[in-house]
Amino acid sequence: YEAVFIGSGAGLPSFMGIEGEGLLGVYSANEYLTRINLMKAYREGYDTPIAKSKAVAVVGGGNSALEESLYLARICSRVYLIHRRDAFRGAAIHEKRVRETGNIELVLSSVVDSLNGDDNLKSVTVRSVTTGEKRDIDVDGIFIFVGNIPNSDCLPEACQRDKGGFLVTDTEMRTTVPGIFAAGDIRSKLCRQVVTAAGDGATAAHAASLLLDELHA
C-alpha cells in the first residue's frame, strides 16, 4: 500500500461486566440513546425509565456522564450520578451545573457491584471504594458511560495507541506508521462528534492525497 485511510470508529460502548446488565432498563449509553428514549416516553403505553415519576442512575465521570445527567434531571424525578473517583474528569462548567442541580445526587468514590431485578431493573447496589460500605439505590433505569471499545485490533502494533486503545495521530491525521491515516472516533481525542469526524476525514484525505502526489512526482 501507499496510503491507507482508517475510519473504523470507536466501536461499541463498554459495559461494566457485572451481574444484572441484561435486565431491561440497563443502557450502555451513547449521545443519542437518551434522546431516543425520551421520544419513546411520549408514546402511549411505552414503558421507558425516562419519565417525571421515575429515578435513574448514570455511571461515569467524564463529559458525557455529566451532560446526560443534566439532560435527564430535566425529565426524571431523581438522577444518581455514580463515579468511582472523588473528582470528575469532565469540564468544570458541566461539573458546576451538576452540583447546582437539586435533583442530581452525587455518589462519589463508589462502584456499582450489581444491578438488581427480575426482568426489569429495580435497584443498583453500590460500594464505597474507601470504606467498603454497600448501599442499594432504587432506580428504574441506568445509563452507563464508561467508554467505548475502539475498532483498532486489526491494525499493526506499530500504530501508537493511547491507554484506551485509540490511535494517536498528528494534526494531519498521520499515525506513527508512514502511509496510514486515521480519522474520526478511532482517533485519540477529546471530542467525538459527527462534525469533528467529518473534519478529520477531510484532513486525512487531503494529507493522503499530498503523500501520493509526492510519491508519484
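Up top you'll find the structure we're talking about.
Caption draft 1: Representation of the overall build of the protein within the structure. When its secondary structure is counted, the protein shows four helices and ten strands. Its helices and strands in sequence order give the protein the pattern β-β-α-β-α-β-α-β-β-β-β-β-β-α, from N to C terminus. Across the 217 residues of the protein, 43% fall into the buried class. Within the protein, counting contacts between residues at least 6 apart in sequence, those at least 24 apart form 56% of the total. For the protein, the accessible area works out to roughly 11,900 Å², and carbon and sulfur atoms hold 52% of it.

Caption draft 2: Structural detail: the pattern of salt bridges. Here the structure, examined in full by the defined rule, presents nine salt bridges. For Glu100, the salt bridge is made with Lys96, and the minimal N-O distance between the two is 2.7 Å. Taken together, the positions of Glu100 and Lys96, both in helix H3 (residues 92-100) and four residues apart, correspond to about one turn of that helix. Note on Glu100: relative accessible area 55%, which makes it exposed. Close ionic contact of Asp200 with Arg187 constitutes a salt bridge, the shortest N to O distance being 3.1 Å. Placement of the pair is Asp200 in helix H4 (residues 194-215) and Arg187 in the loop between strand S10 (180-182) and H4, with a sequence separation of 13 residues. Overall, the relative accessible area of 7% leaves Asp200 in the buried class. On the accessibility criterion, Arg187 (11% relative accessible area) is buried. Here the salt bridges share partners, and the residues they tie into one network are Arg78, Glu105 and Arg135.

Caption draft 3: Up close: the pairing of strand S9 (residues 141-144). By the alternation rule, side chains of S9 split into Gly141 and Phe143 and Ile142 and Ile144, which are all buried. Two elements, strand S3 (residues 55-59) and S9, share four bridges in a ladder whose sense is parallel. Counterpart to Val58 in the pairing with S9 is Phe143.

Conventions we followed
- Residues numbered from 1 in each chain as written.
- Predicted model: local features only at pLDDT ≥ 70, side-chain atom pairs only at ≥ 80, totals over all residues.
- Heavy atoms only, no water.
- Helix = DSSP H or I, 4+ residues; strand = E, 2+ residues; numbered from the N terminus.
- Buried < 20%, exposed > 50% of the residue type's maximum accessible area, 1.4 Å probe, protein only.
- Contact = heavy atoms within 4.5 Å.
- Areas by Shrake-Rupley, 256 points an atom, 1.4 Å probe, with all protein chains shown as cover.
- Salt bridge = Lys/Arg side-chain N within 4 Å of Asp/Glu carboxyl O.
- Pairing = 2+ DSSP bridges.

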